[in-house]
Amino acid sequence: MDLGDTIRNSQIWKSIFRHPMPVDRRNRIVVMLTNFFLHLHPVSIKKQGIALSYTWCMGGVTFFLFLAETVTGVLLMFYYRPTLEWAYQDILALRDVTTLGILRELHRWGAHGMVITVWLHMYRVFLTGSYKPPREFNWVVGVILLLLTLLLSFTGYLLPWDQLAIWAITVGAGMARATPLLGYEGPGAQLLQLGGIPMITNASDARFGLLGARFVGEETLNRFYILHCIAIPLAVALLIAIHFWRVRKDGGISGPL
Amino acid sequence: MHTNVAEFLEDISGFLGSYYLTLGIMNALAALYLWKQRGKGALALLWLVVGMVYVILSPLAMSGSAAAVPQLPEGLRNFIDANTGPVIYSVGTTAILVILYLFRAFFVRPVVAWSILNLSLLYMGLSMADPEFAAIVTKPDNVPIVALVFLLGFFTWLATSKAVENDRRAEEGLPPQEKEDNEKVLVWPDLVYTELICMLALTAILLLWGIGLKAPLEEPASSVKTPNPSKAPWYFLGLQEMLVYFDPWYAGVVLPSLIVVGLMAVPYIDFNRKGNGYYTISERPFSYLMFQFGFLELWITLIILGTFLRGPNWNFFGPYEIWDTHKVLALNNVDLSQYFWEGLLGRGMPKASPGAPTFTALGYILLRELPGILVLGMYFLLLPPLMATTIFRGFFVKMGFVRYMVLANLLLFMASLPIKMVLRWSFNLKYIVSVPEYFLNF
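Residues numbered from 1 in each chain as written. Chains lettered and ligands numbered in written order. Predicted model: local features only at pLDDT ≥ 70, side-chain atom pairs only at ≥ 80, totals over all residues. Heavy atoms only, no water.

A closer look at the overall build of chain B
Each helix and strand counted, chain B has 18 helices and three strands in total. The principal-axis extents of the C-alpha atoms in chain B amount to approximately 85 × 65 × 40 Å. Residues classed as buried in chain B amount to 44% of the 442 residues present. Of all intrachain contacts in chain B linking residues separated by at least 6 positions in sequence, the fraction that spans at least 24 positions is 71%. In the form shown here, chain B has an accessible surface area of approximately 22900 Å², with 71% of it arising from carbon and sulfur atoms. (Helix = DSSP H or I, 4+ residues; strand = E, 2+ residues; numbered from the N terminus. Buried < 20%, exposed > 50% of the residue type's maximum accessible area, 1.4 Å probe, protein only. Contact = heavy atoms within 4.5 Å. Areas by Shrake-Rupley, 256 points an atom, 1.4 Å probe, with all protein chains shown as cover.)

See the structure below:
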C-alpha cells in the first residue's frame, strides 16, 4: 500500500470525505451530493448548458471575482485605516513599502473586472432570453446584484483618499443633492416647509445622508468604509445565495424548452 | 502628458513592438488553424501574410524613431480631431450599429469578423503612437474600458453568429442548435473541471494584470484643488455625459432609477414566449433591438464618449487632440419658452411684477412655460394611447393596460435622451420646461 492509499484509508480522511475518490460513475454522483461546496451543482446537466460558447461562464467568473475581492479585501483591511490621517499614507505604503502591496492591484483590477463581467453575464442572459418564465424573479435578483456591484465599486473608489477618489465621489454623490423633493437643489424641495422653515437643507437632504456631511470628508470616509467592507458585501452574499438557489429551483441552467 | 514626441515614442516602443509581434503570432495561429482544415488553404495564406506584415511592423515600432514607428499620418489625425464632435460621434455609432444589425449575416462570417478585429487592433496600434491618444487610453483606470470594448465586440459577434445560425435553421424548420446537445453529462468531471480551469486562468490573468499595471494613486485628497475635468468612476460616465443634456435631478437621479426599474420590469413586460434559452434575433426583434439600443448605444458608447473624448470643462476633444483647459466653446442654448414668447410671438416673457404674491408668481411661471408643459403633456399622456391604437396595437391587445403602460412609459423615458440630444444639436434647445425658481428644468 503506498502513501496515498494510507492517507485515503485513514480515519481523518474518511471523516472529511465520506466516500471513495470520484473515479467511477457512482462516486461521481455521490461526491456532488455529499460535498458542501459541490452540492450547489446538480448531479448531471445538459451538455449544451455548460458549453462555454453558450454560457460564456460570465456568472461564474463574476462569483469568482467576488470571492477574490473578499479575500484580498479582508487582507487589505489589516493594513488600511479609514481616517483622514492614515488612509492615504496606508495606500502609499501599500504601493511603495508593503511586501504584498500587489494585493491592492489585485483588488482594484478585480473590482473593474467584476463590473465588466456582471454586464457581460446580463448581456448573455438577455440575448438567450433566459429571463423569461420561469426565471423572471431571478433576473430581478440579478438586477439588484448589478446595482450592488456598482455600489461596492463606487464606495471602494473613495478609500484611497487621493484626488481621483474624492472628486469622483464628489461628482457621483453630488447628484443626490438634486433628488426630487429630497435634495436641497432638487425640484420641489422648497415646497417641503414646516411653518416657513425649510425641511430640506444642505444639512438634511439626500446627499447629506449619503456623505454624512455637506461635503466629502471624514464622515464620508467612515460611512463608505463600512458600506464597502460590511454592509454591501453581506447583502451581496445573501443575494448571491438566493440567486444560485433560484437557478436550481427555476429549472437549472437555461436552455431551449 | 508627453510634450516631447521623440521621448514619448522611445518610452512606448517596447510596448508597441511586442504588441505588433503578438498580433503577428495571433494571425499565424489563425493561419495554422485554418491550414489544418481541408479547403481553407487560401485563407490560411491570407492570414499568414497579414501576420508577416505585423512581424515586419514590430521592429519598426521597436526602433522608437519618429521616421520608422508606424502611425497615422498627422493630416489624418488632425482631420479626425477637427471633424469629430458629439453629433458625429453619436450619429456615427448609431449608424454603425444599424449597419451591423441589418447586414449581420455578412458581418458574423469568421473571415469578416477576423478582418474587422485585425483592422481595429491595427488602428489601436497606429493610434497608440500618438502621445495624446496613448495618454488617455493608458490611464490605469481606463485600461478596463479598452478591454470592455474588445470583449463586447467579441461576445456580440459570438452571440450574433449563433443567433444568425439559429434563425437560418428556424427557416428550414430545424430546432435551434442548443437543442441538439440534449444529452446529459455528469457535473463531475465535465463542469467541475471547467470551473477549476477557469479559476486558475482567472487567477493568472489577475496576477499578470496586477504585476503589469500599477493601481493609480494621485496626490492626497484636497477639497480646494478641483481637478479639471472632475469625472465620476468610469461606469457612471454615461450618466455624467447625460448631464450635458439634462439637469442632475433627471440625468443623475430619475433616469438611473428608471434604468434599474426598467431592467427589473423586463421579464414582466416581455410577453413573447419564444427565444427562451437559445440565441435568436428574428424570433424576438423588438426586445432585441430595444435592449441593444439601450445597452450598446445609450450606455456603452456614452461611457466611451465620457471617458476618452470629454476633457476639461467637459468639452469634446478628438482622440488625438491636446486637452487644452482654455478651449472655449460658445454655448448659446435657448429655452423653448424663449423660442415661443420672444421668437415666435415677438414679445417679452410673461413675468410677475416684483413683490407679487407667490400664487400669482406661480401662475406667471405656468403661463411662461405653457408651451413646454403642453409638449411634455402630449409626449407622456397622448403618445401612449396613440401608440396603443397604431404601431403598438398588437402589443396592447396581448399585454393588457397596465403592462402596456409600463412598457410605453419606459420607452418614452428612454427615448427622451436621444430626442433631447437631437433637439440640442439641431435647435440649440436648452430646456423644454425651465423653472429655475424651483430647480425644475427639463
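On we go.
Re the side chain of A:Asn138
Secondary-structure assignment places A:Asn138 in helix H8 (residues 136–158). The exposure class assigned to A:Asn138 is buried, which follows from its relative accessible area of 7%.

So, the interface of chain A and chain B
On the chain B side, the residues contacting the 91 residues of chain A number 95 residues. Carbon and sulfur atoms supply 72% of the area buried between chain A and chain B, which totals about 8600 Å² over both sides. Among the residues of chain A in contact with chain B, A:Trp109, A:Trp119 and A:Tyr123 are the three that bury the most area, contributing 10% of the side total. In this assembly, chain A and chain B are joined by three salt bridges. Across the salt bridge formed by B:Glu183 and A:Lys47, the nearest N and O atoms sit 4.0 Å from each other. Seen at the junction of chain A and chain B, the total is 39 residue pairs in polar contact (both at pLDDT 80 or more). Taken together, the elements giving at least two residues each to the side of chain A that touches chain B come down to helix H3 (25–34), strand E1 (44–46), helix H4 (52–55), helix H5 (58–79), helix H6 (87–96), helix H7 (102–127), H8 and helix H9 (163–174) of chain A. (Buried area = accessible area lost by both parts, 1.4 Å probe. Salt bridge = Lys/Arg side-chain N within 4 Å of Asp/Glu carboxyl O. Polar contact = N/O pair within 3.5 Å; in protein donor to acceptor, adjacent residues only side chain to side chain.)

A short note on a nonpolar patch on the surface
Residues and elements named next belong to chain A. Together, Val71, Val74, Leu75, Met77, Phe78, Tyr79 and Leu100 make up an exposed nonpolar region whose accessible area comes to about 660 Å². Tracing the backbone through its elements, the reader meets Leu100 in the loop between H6 and H7. Under the relative-accessibility criterion, Leu100 is labelled partly exposed at 47%. (Patch = residues over 30% accessible without salt bridge, like charges linked within 9 Å, V, L, I, M, F, W, Y side chains within 5 Å.)

What to know about the packing of helix H8 (residues 143–171) of chain B against helix H13 (residues 285–308) of chain B
Residues and elements named next belong to chain B. Orientation of H8 relative to H13, taken along the N-to-C sense of each, is 160°, at an axis distance of 11 Å. Comparing the axis directions of H8 and H13 gives the class roughly antiparallel. Here the hand of the crossing between H8 and H13 comes out left-handed. Of the residues in H13, those touching H8 at Ile145, Val146, Leu148, Val149, Leu152 and Thr160 are Tyr288, Phe295, Leu296, Ile300, Ile303, Ile304, Thr307 and Phe308. Across the contact of H8 with H13, the residue classes break down as 12 nonpolar, two polar and no charged. (Axes fitted to C-alpha atoms, helices over the stretch in contact; angles between N-to-C directions. Parallel < 35°, antiparallel > 145°, perpendicular 65-115°, else oblique. Left-handed = near helix turned anticlockwise from the far one by under 90°. Nonpolar A, V, L, I, M, F, W, Y, C, P; charged D, E, K, R; others polar.)

Focus on the pattern of salt bridges
The final tally for this structure, using the stated rule, is 17 salt bridges over all chains. The salt bridge partner of A:Asp90 is A:Arg81, with a shortest N-O separation of 2.9 Å. Because the salt bridges share partners, they merge into one network encompassing B:Glu165, B:Arg168 and B:Glu172.

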